[in-house]
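A structural walkthrough
Okay, here's what each chain looks like letter by letter:
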Amino acid sequence: MYFVASDPSRQLISSIKFGYTMRLDRILQYLLPKDDKFYLLLEESISYIDQAADEILKISSASSEERANLVIRIQDLEHKGDDVTHKIFSELDSTFVTPFDREDIHLLASELDDILDYIDGSIRRITLYKIDHFPVELINLIEKLNMSVKELKRGIPQLRKLENSEVLREVIRKVNDYENDADTIFASGIAELFDKETNPIEIIKLKEVFVALETATDKCEDVANVLETILIKHS
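Parameters and conventions
Residues numbered from 1 in each chain as written. Predicted model: local features only at pLDDT ≥ 70, side-chain atom pairs only at ≥ 80, totals over all residues. Heavy atoms only, no water. Salt bridge = Lys/Arg side-chain N within 4 Å of Asp/Glu carboxyl O. Helix = DSSP H or I, 4+ residues; strand = E, 2+ residues; numbered from the N terminus. Contact = heavy atoms within 4.5 Å. Axes fitted to C-alpha atoms, helices over the stretch in contact; angles between N-to-C directions. Parallel < 35°, antiparallel > 145°, perpendicular 65-115°, else oblique. Left-handed = near helix turned anticlockwise from the far one by under 90°. Nonpolar A, V, L, I, M, F, W, Y, C, P; charged D, E, K, R; others polar. Expected span 1.5 Å × (residues − 1). Buried < 20%, exposed > 50% of the residue type's maximum accessible area, 1.4 Å probe, protein only.

1. Remarks on the pattern of salt bridges
Across all of its chains, the model carries 23 salt bridges by this definition. Residues Arg124 and Asp120 are paired through a salt bridge, measuring 3.0 Å at the closest nitrogen-oxygen approach. Residue Arg124 and its partner Asp120 are both found in helix H4 (residues 102-128); the two are separated by four residues, about one turn of the helix. One continuous salt-bridge network, built from bridges that share partners, spans Asp50, Asp54, Lys150 and Lys153.

And the structure:
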C-alpha cells in the first residue's frame, strides 16, 4: 500500500522544503566570501540614472541646440544603463551565491532600468513635440523626480551594510514622500492643463510628458519598495 499525500500535506512539505532552501541560501551568503560585483553594478546603474536626472533638470531653460545635446547625453546614459542591467542578469545566471536573494537583485536591476527608460522617454517627447512652454507643475515634477533619484543614489550603497539600516530606512521614507508629492503635482498639473489650455494638440502633448515623468517617480518608489523588501529579509 502506498501513502498518497493530501493536497494540504503536499503544501506543507513544499513549504518546509522552501523554508529549508531559503535558510541554506542565507547561511551560504554569510559564510562564503563576499563578492562586490553586484554592489558595484547596482551603484553604477544608479549613477547613470542620477546623471540623467540632472540633465533633464536643464530642459526648461535650454535652447533648441542645447535640448538636442541633452537628448543625446541622456540617450547615451540610457544605453550605458541597459548594458549594466544586462551584466547584472548575466552575473545572476553564472553566480552560485549572491549577497541577497537573486530574485530581489533581478527586480531591483529591472526597476532601476525602468527609471532611466522613462527619463529618456520624457525628454524625447519634450523635444519631438517642440514643447516651449513649461507649466510650473511640469518643472516641479522634474525637480521631484530628481530629488527621488538623489535619495536612491544615497540608498543603493547602503545595501553593503544592511545591519546598519537607519540611512536606508530614511531613504525609503523620503522616496515614498516624494512620490506622494509627485502624485499631487501631477493631478494639479493635469487639472490646470485642461482648465487653461485651449489647443487640444498641446493638451495631448503635455499630458504625455506629464504621464512619463510621473511614471518615472512611480518607478523610484518601486525601487524603494524592493530596497525595503531586502531590508526586511535581512533584519
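2. Focus: unusual backbone geometry
Phi at Lys130 takes a positive value of approximately 55°, unusual for a residue other than glycine. As for its position among the elements, Lys130 is in the loop between H4 and helix H5 (136-155).

3. Side note on the environment of Ala52
Looking at the element boundaries, Ala52 is found in helix H2 (residues 37-56). Taking the C-alpha atoms as reference points, Ala52 and Gln75, 23 residues apart in sequence, are found 8.8 Å from one another. When sequence neighbours within four positions are dropped, the list of residues in contact with Ala52 reads Ile74, Leu77, Leu116 and Ile119.

4. Concerning the packing of helix H6 (residues 166-196) against helix H7 (residues 200-233)
Taken N-terminus to C-terminus, the directions of H6 and H7 make an angle of 165°; their axes are 9 Å apart at the nearest point. On the basis of the axis angle, H6 is roughly antiparallel to H7. Along this stretch, H6 crosses H7, giving a crossing that reads as left-handed. Its residues placed into classes, the contact of H6 with H7 shows 16 nonpolar, four polar and eight charged.

5. Thoughts on H6
Between its terminal C-alpha atoms H6 stretches 45 Å, which fits the 45 Å expected from 31 residues at 1.5 Å a residue. Every buried residue belonging to H6 is among Leu168, Val171, Ile172, Val175, Asn176, Tyr178, Glu179, Ala182, Ile185, Gly189, Ile190 and Leu193, and all of these are buried. Looking at the buried residues of H6, the elements they touch are H5 and H7.

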